[in-house]
Amino acid sequence: MLTYTPASALPPTPPRDHSWLLLLLCLAWLLPGTFGHAPWRGEEVEVIGVVQSMLHGQWLIPQLNGQPFLDNPPLTYWLAAAFAKILPSHWIALHETARLAAVLMMGLTFLLVGLAGKHMWGARQGRLAVLMLMGCFGLLSRAHLVMPEQAALLGAALQLYGLSLLAERPMRAGLCLGLALPVALLGGGPLALAVSILTLLLFAWPRPGVATAQWLRALLPASVIALPLLLLWPLALRQHAPLIFDQWWQQQVLAAHFDAHRLRYYLGMVPWFAWPAWPLALLALRRNPLGSAPSRVLHLQLLLASLLWILGNAWQPDEHDVNTMLCLPALCLLAVPGLDRLRRGGIAAFNWFGRCTFGLIALLVWLGWLALSTGWPGRIAMRMHRASPTYQHELHPVLLAFALLLTGLWLWIMWQQRHDVRKALSGWVAGATMAWGLIMTLWLPWIVAAKDYQPMLQQLARQLPADRSCIHTADMPRTVLTLLAYRQGIDLPVRDQACRWKLAKTTQRSVAPAGWRIIWQGHRGGDRKEGYWLLQRQP
């Protein structure tokens, strides 16, 4: 007998699991830019130089151009060198194997932030935290190069995951917290360790749902794991090279001081670096000021944890925009509840802004590629060739096919999209991934021609004297000397002494110093502001 069951009486249909789609999106986000170009950014070049020294046996003390390099702790260098050991250089270039370490660290960061979001806010919320982190403008432009700060970011994500487990699994929380502190020290240095400890104390504040007994159960394994790992590398460094340890301690601890100008710098970086996470984080705070006690305390703790990283950056010796990404995991976790409080008009505006922004970027990238390929539009072609005058266009079918695939998938996602907050955030990340992928495929040969040091270094190598025992190099950037050793096999140590030969960095208005003759001058293909000279002292 046929019967009618009203819809309200039917059991709810369980939501379909699309974790594999998130995995594919993460891979599409991570891989473009990893292969196909030599290192040209200073931080990445330094990593390659240190990794080379480690492959020659110097694993304890990071070295660059034959000198101890103590600007950053060794964890990123160790991971990159381990990948280089596993993957032989005749299979894949050293700088590309080093970037695989960055892919691993960023992938683990996404995983840990997603798990933290799941345990903090509930099932299916972790994916939103991952998407929020992937969608941040600043992370997209910095995470695809291997940099020491990525290990510190991994440590921050690991700590937040451990803190999210306190109420449910205190022993596992203690394990994660015990590992997070050494990762902070070996990834970001003593300042990152100090911020991590302050964050730990911040979350130790009594919170409904987390009993004191649970904290104590987590604290014991955390202490047992953290203390020996924290002391391992510093004590080994002090035992084998006490003078270098004293130099590291002076540089990283005693010389650290607060600078209000640096604080303003990092505060000014947050609006674009953390977009769109920070408006949603503010929305989460504004729309739920009187929420449940556990939620209210957790909101405040995540906000303060993010601010602690910004404040800690003000103690750094230099201003590096990449340090701003350390505040992103806590800020993105705070922004997750803000998504559910976004009204229909806000969802539509967010969706529209993402479509317009990334659609315009895609249009400009394709138009630039068309100008490079055909010479039309003429004005765009002229300006692009002016920016990279050594570029010679060649068709790369694989890159073109990947660019067409990314564009087609993004258009399909936009066509299928509804006014739903999850779909809006997914569309934003898909648009950002598509835009980055197009730049790293269609424009990659053009960018390489403008930024690659290799043609200039080949010219310089032919002009260097046969006797290179005394060449004044103190005026040269470490980037160029490191790449000269890496790409040409010519290792010139930093010398600040009177020599017959001299390498110097120049500008457009530079004039050869008295008593010196210019033997060679060159610059990168797209760099019209800075160049380099090889000078010979006149008899």
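Here the residue numbers are simple positions, counted from 1 along each chain's written sequence. Local features in a predicted model are, by the rule used here, given only for residues with pLDDT of at least 70; side-chain atom pairs are given and counted only at 80 or more, and totals for whole chains, interfaces and linings are based on all residues. Water and hydrogen atoms play no part in the side-chain values, which are based on all heavy atoms of the structure.

Enquirer: Please set out the sheet that holds strand 3 (residues 471-475) residue by residue, giving values where relevant.
Expert: Strand pairing within a sheet occurs via backbone hydrogen bonds; the two strands may be parallel or antiparallel. At least two DSSP bridges between two strands are needed for those strands to be called paired. Numbering of helices and strands runs from the N terminus, with a helix taken as a DSSP run of H or I at least four residues long and a strand as a DSSP run of E at least two residues long. Taken in spatial order, the four strands line up as 3-4-6-5 in an open sheet, and their pairing is mixed. The open sheet is flanked by strand 3 and strand 5 (516-522), the only strands paired with a single partner. Neighbour to neighbour, the strand axes of the sheet diverge by 30° on average, direction disregarded. As paired strands, strand 4 (residues 501-507) and strand 6 (residues 530-537) are joined by seven bridges and run antiparallel to one another. Simply put, an axis is a line fit to the C-alpha atoms, just over the touching stretch for a helix, and the angle between two N-to-C directions goes from 0 to 180 degrees.

Enquirer: Lay out the nonpolar core with the relevant residues and their values.
Expert: Within soluble globular proteins, side chains that are nonpolar tend to cluster in buried spots. Among the nonpolar cores identified, the biggest contains 165 residues, and Phe110, Leu139, Phe203, Leu302, Leu328 and Leu442 are the most heavily contacted of them. Setting aside chain neighbours within four positions, we find leucine 328 in contact with Leu133, Cys136, Leu139, Phe273 and Ala274. Within the second largest apolar cluster, five residues are counted, among which are Leu185, Leu193, Ala226 and Leu230. Residue types Ala, Val, Leu, Ile, Met, Phe, Trp, Tyr and Cys, when buried and joined through side-chain atoms within 4.5 Å, form a set referred to as a nonpolar core. Three exposure classes are used, based on accessible area relative to the maximum for each residue type with a 1.4 Å probe and protein chains only: buried under 20%, partly exposed in between, and exposed over 50%. By definition, residues are in contact when any of their heavy atoms lie within 4.5 Å.

Enquirer: Tell me about the pattern of salt bridges, and name the residues and values.
Expert: Salt bridge criterion: a side-chain nitrogen from Lys or Arg within 4 Å of a carboxyl oxygen from Asp or Glu. All told, the structure shown has eleven salt bridges when counted by the stated rule. In this structure, arginine 478 engages glutamate 46 in a salt bridge whose closest nitrogen and oxygen atoms are separated by 3.1 Å. Taken together, the residues arginine 478 in helix 22 (residues 478-488) and glutamate 46 in helix 2 (residues 42-55) connect sequence positions 432 residues apart. A relative accessible area of 16% means that glutamate 46 is categorised as buried. Residue arginine 478 is joined to aspartate 71 by a salt bridge in which the shortest nitrogen-to-oxygen separation is 3.4 Å. Placement of the pair is arginine 478 in helix 22 and aspartate 71 in the loop between strand 2 (67-68) and helix 3 (75-86), with a sequence separation of 407 residues. Judged by its relative accessible area of 34%, aspartate 71 is partly exposed. Several salt bridges share partner residues, and in doing so they unite Arg41, Glu43, Arg142 and Asp321 into one network.

Enquirer: Which residues make up the side chain of glutamate 149, and what values go with them?
Expert: With respect to the helices and strands, the residue glutamate 149 is situated in helix 7 (residues 149-164). The charge count includes Lys and Arg as positive and Asp and Glu as negative, but it does not include His or the ends of the chains. Despite its burial, glutamate 149 pairs with no opposite charge, the nearest such side chain being arginine 41 at 8.1 Å. Sequence-distant contacts of glutamate 149, defined by excluding residues within four places in its chain, comprise Asn72, Val322, Asn323, Met325 and Leu326.

Enquirer: I'd like a description of the state of the cysteines, backed by residues and values.
Expert: The term disulfide is used for any two cysteine sulfur atoms that are within 2.5 Å. The tally for this structure, following the rule as stated, stands at one disulfide. The disulfide partner of cysteine 470 is cysteine 499, and the gap between their sulfur atoms is 2.0 Å. Of note, the bridge from cysteine 470 to cysteine 499 carries an S-S torsion of about -80° and is left-handed in sense. Here cysteine 470 is found in the loop between helix 21 (454-463) and strand 3, whereas its partner cysteine 499 is found in the loop between helix 22 and strand 4, with 29 residues between them in sequence. Overall, the relative accessible area of 22% leaves cysteine 470 in the partly exposed class.

Enquirer: Lay out helix 22 in plain terms, naming residues and giving numbers.
Expert: Here helix 22 lies mainly inside the structure; eight of its eleven residues are buried. Looking only at helix 22, the buried set comprises Thr479, Val480, Leu481, Thr482, Leu483, Leu484, Ala485 and Tyr486. Those residues of helix 22 hidden inside the fold are in contact with helix 2, strand 1 (63-64), helix 4 (94-121), helix 21, strand 3 and strand 6. Immediately beyond the C-terminal end of helix 22, within one or two residues, lies glycine 489, with a positive phi of roughly 70°.

Enquirer: Provide a residue-level description of the packing of helix 7 against helix 9 (residues 190-203), including the pertinent values.
Expert: Interaxial distance between helix 7 and helix 9 falls to 11 Å at its minimum, and their mutual angle equals 15°. With respect to their mutual orientation, helix 7 and helix 9 come out roughly parallel. The element helix 7 and its partner helix 9 pack so that their crossing is right-handed. Side by side, helix 7 and helix 9 meet where Gln159, Leu160 and Leu163 of the first sit next to Ser196, Thr199, Leu200 and Phe203 of the second. Working rule for angles: under 35 degrees goes down as roughly parallel, over 145 as roughly antiparallel, 65 to 115 as roughly perpendicular, anything else as oblique. Take the far helix as your reference; a near helix turned counterclockwise from it by less than a right angle gives a left-handed crossing, and one turned clockwise gives a right-handed crossing.

Enquirer: Requested: an account of the environment of tryptophan 533, with residues and values cited.
Expert: Mapped onto the fold, tryptophan 533 is located in strand 6. A relative accessible area of 8% places tryptophan 533 in the buried class. Those residues in contact with tryptophan 533, other than ones at most four positions away along the chain, are Lys502, Leu503, Ala504, Thr506, Ser510, Val511, Ala512, Pro513, Ile518, Trp520 and Gln521. N or O atoms within 3.5 Å of each other form a polar contact, as long as, within protein, one can give a hydrogen and the other can take it, and as long as residues adjacent in sequence are counted only when both atoms are side-chain atoms. A distance of 3.1 Å separates the side chain of tryptophan 533 from the side chain of glutamine 521, its partner in a polar contact.

Enquirer: Hey, could you go over the packing of helix 8 (residues 170-188) against helix 10 (residues 212-240) for me, with residue numbers and the actual values?
Expert: Helix 10 packs onto helix 8 with a crossing angle of 25° between their chain directions and a minimal axis gap of 7 Å. In terms of orientation, helix 8 and helix 10 fall into the roughly parallel class. Between helix 8 and helix 10 the crossing geometry is right-handed. Of the residues in helix 10, those in contact with Pro170, Met171, Ala173, Gly174, Leu175, Leu177, Gly178, Leu179, Leu181, Pro182, Leu185 and Leu186 of helix 8 are Gln214, Arg217, Ala218, Pro221, Ala222, Ile225, Ala226, Leu229, Leu230, Trp233 and Pro234. Each residue receives one of three labels: charged for Asp, Glu, Lys and Arg, nonpolar for Ala, Val, Leu, Ile, Met, Phe, Trp, Tyr, Cys and Pro, and polar for the others, Gly being one of them. Looking at side-chain class alone, the contact of helix 8 with helix 10 contains 19 nonpolar, three polar and one charged residues.

Enquirer: Quick rundown of the environment of leucine 108? Include the residues and the values.
Expert: Tracing the backbone shows leucine 108 in helix 4. Residues leucine 108 and alanine 236, spaced 128 residues apart in sequence, show a C-alpha to C-alpha distance of 28 Å.

Enquirer: Tell me about the environment of alanine 151, residues and numbers included.
Expert: Residue position: alanine 151 is located in helix 7. Taking the relative accessible area as the measure of exposure, alanine 151 reaches 0% and is therefore buried. On a C-alpha basis, the gap between alanine 151 and threonine 109 in space is 9.2 Å, while along the polypeptide they are 42 residues apart.

Enquirer: Report on helix 19 (residues 421-442), specifying residues and quantitative values.
Expert: Given a helix with a known number of residues, its expected span is that number minus one, times 1.5 Å. If you check helix 19, its first and last C-alpha atoms are 31 Å apart, about what 22 residues at 1.5 Å a residue would give, namely 32 Å. Burial of helix 19 is extensive: 18 of the 22 residues sit out of reach of the surface. Residue aspartate 420 occupies the N-cap position of helix 19, its side-chain oxygen lying 3.0 Å from the main-chain nitrogen of arginine 422.

Enquirer: Could you give an account of the pairing of strand 6, naming the residues involved and the relevant values?
Expert: Most of strand 6 is tucked away: six of the eight residues are buried. As judged from the six bridges shared by strand 5 and strand 6, these two strands associate in the antiparallel manner. Note that in strand 6 the partner of glycine 522 across the bridge is tyrosine 532.

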